Every structure is written in structure tokens, then in C-alpha cells.
Amino acid sequence: MNKKLIDKILISLKNYCFAVFLLFFFENALTNKVNAIENKILIKVDNQIITSVDILNKINYLNLLNDDFKKFEDEQIFELAKNALIKEKVREIELNKYFNNLIVEDQYIEPIVIDYFAKYNIQSINSFKNFLIKNNLKFENIKKKISLQLLWNRLIYKKFSRNIKIDKDLIKEKIKKNKIQNEYLLSEIVFTVENKKNFKNKFELIKKKIKDEGFSKAALVYSISESAKNSGKIGWIRESSISNKIKNEIEKIEIGKITDPIKMPGGFLILNLEDKKEIKIKVDLQKELDLIVIKKTNEQLNQYSNINFQKIKKNIKINEL
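Residues numbered from 1 in each chain as written. Predicted model: local features only at pLDDT ≥ 70, side-chain atom pairs only at ≥ 80, totals over all residues. Heavy atoms only, no water.

1. Considering the packing of aromatic side chains
For any pair of aromatic rings, geometry is given as the distance between the ring centres together with the angle between the planes. Rule in force here: Classification of ring pairs rests on two measures: the distance between centres of Phe, Tyr or Trp rings, Trp counted by its six-membered ring, which must be within 6.5 Å, and the angle between planes, read as stacked under 30 degrees, edge-to-face over 60 and tilted in between. Strands here mean DSSP runs of E at least two residues long; helices mean DSSP runs of H or I at least four residues long; both are numbered from the N terminus. Note on exposure labels: buried denotes an accessible area under 20% of the residue type's maximum, exposed denotes more than 50%, and partly exposed covers the range between, all computed with a 1.4 Å probe on protein chains only. Working rule: Lys NZ or Arg CZ, within 6 Å of ring centre, within 35 degrees of ring normal, means a charge sits over the ring.
Using the criterion set out here, one finds 14 aromatic pairs in the structure. Judged by centre distance (5.5 Å) and plane angle (25°), the ring pair of F191 and F268 falls under stacked. Of this pair, F191 sits in strand β3 (residues 180–191) while F268 is found in strand β6 (residues 267–280), placing the two residues 77 residues apart along the sequence. By relative accessible area, which is 16% here, F268 ends up buried. Each residue in the set Y61, F117, Y120, F128, F131 and F139 is aromatic and connected to the rest through ring pairs, giving one cluster. Stacked on the ring of F139, the Lys or Arg K129 has its end atom at 4.8 Å from the ring centre. The ring of F72 has K217 sitting right over it, with the charged end atom 5.2 Å from the ring centre.

2. Quick look at the sheet that holds β6
Counted only if it meets this: Here the rule is simple: two strands pair whenever DSSP picks up at least two bridges between them. Fitted lines through C-alpha atoms serve as axes, helices being fitted only where they are in contact, and the angles separating the N-to-C directions of these axes extend from 0 to 180 degrees. We call two residues in contact whenever any of their non-hydrogen atoms come within 4.5 Å of each other.
Read across the open sheet, the 4 strands follow the order β4-β3-β6-β5; overall the sheet is antiparallel. Each edge of the sheet is formed by a strand with only one pairing partner; in this case those strands are β4 (233–238) and β5 (262–264). When the angles between neighbouring strand axes are averaged without regard to direction, this sheet yields 40°. Bridge count for β3 against β6 is 12 bridges, and the pairing is antiparallel. Residue pairing for β6: F191 is matched across the bridge by F268. The strands touched by helix α10 (residues 215–222) are β3, β4 and β6; relative to β3, the strand with the most contacts, the crossing angle is about 50°.

3. Some thoughts on the pattern of salt bridges
As a working rule, side chains carrying opposite charge can pair if their charged atoms are close by. The criterion, for reference: Salt bridges are defined by distance alone: a side-chain nitrogen of Lys or Arg within 4 Å of a carboxyl oxygen of Asp or Glu.
As enumerated under the stated definition, the model contains 24 salt bridges in all. Close ionic contact of K97 with E94 constitutes a salt bridge, the shortest N to O distance being 3.1 Å. Residues participating in the shared-partner salt-bridge network are K87, R91, E226 and K229.

4. Structural notes on the nonpolar core
Our working rule: The term nonpolar core refers to a set of buried residues drawn from Ala, Val, Leu, Ile, Met, Phe, Trp, Tyr and Cys, joined through side-chain atoms within 4.5 Å.
Grouped together as the largest cluster of nonpolar side chains are 48 residues, with contacts concentrated most on V45, I55, L95, F117 and F128. At the level of elements, β1 (41–45), α3 (52–65), α4 (74–95), α5 (106–116), α6 (125–134), α7 (139–160) and α12 (285–314) are the ones that each hand at least two residues to this core. Apart from the residues within four sequence positions on either side, L95 is in contact with L102, L148, L151, W152 and L155. Ranked by size, the runner-up nonpolar core spans 14 residues in total, among them Y184, I237, I242 and I253.

5. Structural notes on the sheet that holds strand β7 (residues 318–320)
Spatial strand order, β2-β1-β7: 3 strands in an open sheet with antiparallel pairing. If you trace the sheet from one side to the other, it starts and ends with β2 (48–51) and β7, each paired once. Direction aside, the axes of adjacent strands within the sheet are offset by 20° on average. Sheet topology note: the β1/β7 ladder contains 3 bridges and is antiparallel. Across the sheet, residue K44 finds its bridge partner in β7, namely N319. Contacts between α3 and the sheet are confined to β1 and β2, with β2 contributing the most and set at about 65° to the helix.

Keep in mind that these numbers describe shape and distance, not what the molecule does.
This is how it looks when you write it as C-alpha cells:
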């Protein structure tokens, strides 16, 4: 974390009633000599707490995950880190009802780490640990974050996998019929509203953010999907992998444009069409079917995840101190 950014964050932190003692922490962090930090509780999520140091560590972590995060104003950086931590705490409270231990073994952490931090050429847990030391982060803290994500995914699968509906016969027919297909490079924003009256205002806010600062920033701020941490990017998707409802909306727009909000279980979906290409498929029917089933399964599980999270969050007391 460079000194210029730290100075900016200090101003932001003061705006959020942070004490001046944090200056001591920042000065020591710059030289990697954090020996003593006076911590302050900022938020209570039921019986869980979020402290000033938690916020700072989250900011540092998000900076590593996504370069777009660094482009935000200080107040937005604070809000994004705060909301991400609240989400983690809500999940942790729920997971404690189902699991005795919320830390998974390194062998399950390693592939996630290699994927998340591919741009840093991380090849193993040991190289990841060294990388974190250089960036003033503790492996134990990051391991817990990834463990919570993995256990949450396991819980969602256990609770909702039987509700997944996929018509494999229909998919097979599409594959056989469409040997030349479109592929779309897409990013997404998934958002929710409390009631129909708020829908228009929320959509206008998102559109303004997209127009002023780009889709990536809007996804980081407004999207509740797991793809948000990657600026909403979901990559190249074949038309056989998406529903007719979504395909029809994509076909209405040009490259560089966004769809109107698409009503989905648990919220609304906005897609950004970044690019498009036509491909000729060499049909390995079973392989193609398996890939599409995986994509559709993940899509539906993500929807159930969002619905489940919003339901849980409504019953949890969140107090900012």
C-alpha cells in the first residue's frame, strides 16, 4: 500500500470517525513493522465484530484481487470493504450452524489461490504465503476467507442441488443442430431491490455509474454476484449454454452495450456484451453436454445462493458503531 493511498485513506477514515491512533498503524505498515495496533470495533453483525484493522486488511486484499478497486474514491473503497466484510460475517454466522470447523485443509485452498492470483504467478501455497508476507497480509486470515467461500458453496449445493432443473435432452438437440454457434464475451451485474418502487431508482443509479465510470466499477459497487470481485467478468459463453430468455436479450444489443435488467430468481441481471464471435463446433457430444450442464448448474446455484443470503441477512442485526 503506497503512502499516497494511505494518506487518502486516512482522510476517508477520519470522515468515518476513525481515531487518529490509526496513523501509527499506517506508518508502521509502510515499513512492515507492525508491532502494536490499537484496534477499534466499527460494526457488529449479531455476535460478530468488524474492526478498523479488518477494514484495512480487506482493502489491501481487494487491491491484490482486482486492479479496478484501486481506482475508486476513498469513501467508495471503505464502503466496498465494509460491505464485503459484512457479507463474510453473515455467511460465517450461518455456516456455524452446520459445520464444527470453518477452516478447510490447504489442499483445497491451493487451487483456489492459484486461480484467484493467477496474474501474480502463484504456483503453490508456499509461494502464496511468501507473496502475502510481502503485501502485509496474514495467510491465516486469507485462508479463513477462502474457507468460508468453499463451505458456503458446499452448503448451497447440499441445500439446493436437488432443485436444479436441466433438460439434457433439449441441450443435446441444440448441440446437434447448431454446429456453428455464437460465443459472447460477457460481464454481469446482479442486483436486488426491496420493492418494485425502488427498481427504477436502482437501475438508474447503476446506469449512471456505468456511463460515468465503466461497467467494471459498477459491478464492484452494485453486483451481489460472486463475479463482482472480478469486476463482473464471466468470460466467453456459448449460446447453447444460455437460456432463450437471456439469448434474446443479448441479441438485441450491440457490442459495448448492456441489456435491460432481466428478471431472475433472487434479483435482476444486467449483461454487458464485450465481444462476440462465431465458432464452428467439433462435436464431442458428451464433453459439450458436460460443460453446459456444469455452467447451468453453477448459474442456478448462484441464484439460490443470492436468495438464501438475502433471506439470512434480513434476520441478522447489523449495527454500525
